[in-house]
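Notes for the structure review
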Amino acid sequence: LAVGMAVARALLVLLAADAVVAVKNPLLNICMDAKHHKSQPGPEGKLYDQCSPWKDNACCTANTSSEAHKDQSNLYNFNWNHCGVMPPKCKRHFIQDTCLYECSPNLGPWINQVDSSWRRERILHVPLCKEDCKEWWEDCRDALTCKENWHKGWNWATGTNRCPWGSMCRPFSEVFPRPKDLCEKIWSNSYKYSPERRGSGRCIQMWFDPAQENPNVAVARYYAWKMRSSPAQVENVAPERDQAVRALPWSVLALLPLALVLLPEVAGGSGIPWM
């Protein structure tokens, strides 16, 4: 009985340890390897203005959040006013976009490796909620720009971005005919226009109420679970109920039958003293 009890106890410890490892998803609560990101997310009580919703758990520092609000930031020497002064109602969306990119620890499912001089990782095809895309487009439709893709192709001769030779400044509504065009093209497909609405748990919100919990935590969890599940998995199964079971490693599955055999025998006569 003593031998059986020892074996059963060892199995329980191993199963518990494996189960804990199983629910830790490497795509959740992480910072990308990029120019200004922290190595690990954590509290930042003094995040500036529009970046403040991420203060409880952020990948950005207070200095980065402050720089994100400047017309010509030291973050990337990027000038929003390359075709005249950008209207404030438009600029606030670009500030919020920068805050999401720099501060959010919930973009793990969309982080990709890149070979770049200034970052090793980037985001790709983040499903941005339809309201965020539409409001961004509506508030910027009359602003002017000379380029569709703001990631590359600028004239950097002066040390900051200027319009390429021969390009013309045109309204956003001409350069980006639809909200989808703006969200997907301006940063080389960093975002993907999502048909889902805010609060659905299926799209990332650029804007959210800092007085409420960060809604993007649940969104990242859903897509991380989806990536680890079978492609044939039914879409509407709740990840919170199903994730831990499907994530169980082979060691748990291999030892589970033995544990089920031993535990009733040990527990039957004398109980389980360590419980």
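This structure is a prediction, so every number in the text was calculated from the model and none was measured. Each residue is numbered by its place in its chain's sequence as written, counting from 1. Residues qualify for local features only when their pLDDT is at least 70, as the model is predicted, and side-chain atom pairs are given and counted only at 80 or more; totals for whole chains, interfaces and linings, by contrast, use all residues. To get the side-chain values, take all heavy atoms of the structure and skip hydrogens and water.

Observations concerning the pattern of salt bridges
Put simply, the rule reads: By convention in these notes, a salt bridge is any Lys or Arg side-chain nitrogen within 4 Å of a carboxyl oxygen on Asp or Glu. Using a 1.4 Å probe on the protein chains alone, a residue whose accessible area is under 20% of its type maximum counts as buried, one over 50% counts as exposed, and one in between counts as partly exposed.
Summed over all chains, the structure comprises twelve salt bridges. Note that K38 is salt-bridged to E44, the shortest N-O span being 3.0 Å. There is no split in this pair, since K38 and E44 are both buried. Linking R141 and E138 is a salt bridge whose minimum nitrogen-to-oxygen distance equals 3.5 Å. What you see here is one network of salt bridges that share partners, running through E148, R178, D181 and K185.

Considerations on the packing of aromatic side chains
The way to describe two aromatic rings as a pair is by their centre distance and the angle between their planes. The following threshold applies: For this analysis, a ring pair means two rings from Phe, Tyr or Trp (six-membered ring only for Trp) whose centres lie within 6.5 Å, classed as stacked if their planes differ by under 30 degrees, edge-to-face if by over 60, and tilted for the remaining angles. As a reminder, the over-ring test applies to NZ of lysine and CZ of arginine, requiring each to be within 6 Å of the ring centre and within 35 degrees of the ring normal.
Scanning the model with the defined rule gives 18 aromatic pairs in all. Arranged with centres 6.1 Å apart and planes meeting at 70°, the rings of W150 and W154 form a pair that is edge-to-face. Accessibility classification places W150 together with W154 in one group, the buried group. Between K147 and the ring centre of W154, over which it is positioned, the NZ or CZ distance is 5.6 Å. If you follow R202 out to its NZ or CZ, it ends over the ring of Y222, 3.6 Å from the centre.

Describing the state of the cysteines
Each disulfide is one covalent bond, formed between the sulfur atoms of two cysteines. Put simply, the rule reads: Disulfides are defined as cysteine sulfur pairs within 2.5 Å. Helix and strand labels come from DSSP, where a helix needs a run of H or I of at least four residues and a strand needs a run of E of at least two; each type is numbered from the N terminus.
Under the criterion given, the structure shown has eight disulfides. Here C90 pairs with C140 through a disulfide, and the sulfurs are 2.0 Å apart. Linking C90 and C140, the disulfide has an S-S dihedral of approximately 100° and is accordingly described as right-handed. With a gap of 50 residues between them, C90 in helix α3 (residues 88–103) and C140 in helix α4 (residues 130–140) connect regions that are remote in the sequence. Like C140, C90 is buried. Note that C129 is cross-linked by a disulfide to C203, the S-S spacing being 2.0 Å. Across the disulfide from C129 to C203, rotation about the S-S bond amounts to roughly 95°, and the bridge is consequently right-handed. In this pair, C129 sits in the loop between β3 (126–128) and α4 while C203 sits in the loop between β6 (191–193) and α7 (216–228), placing the two residues 74 residues apart along the sequence. There is no split in this pair, since C129 and C203 are both buried.

Things to note about the side chain of S104
Worth spelling out the cut-off: Whenever a nitrogen or oxygen atom comes within 3.5 Å of another N or O atom, the pair is scored as a polar contact, on the condition that within protein one atom can donate a hydrogen and the other can accept it, and that pairs from neighbouring residues in sequence are kept only if both atoms are in side chains. Should any heavy atoms of two residues lie within 4.5 Å, those residues are counted as being in contact.
In this fold, S104 is placed in the loop between α3 and β1 (111–113). A distance of 3.1 Å separates a polar atom in the side chain of S104 from the backbone nitrogen of N106. Once residues within four sequence positions are removed from consideration, S104 is found in contact with I30, W54, C59 and C99.

Distances and angles like these do not, on their own, reveal function.
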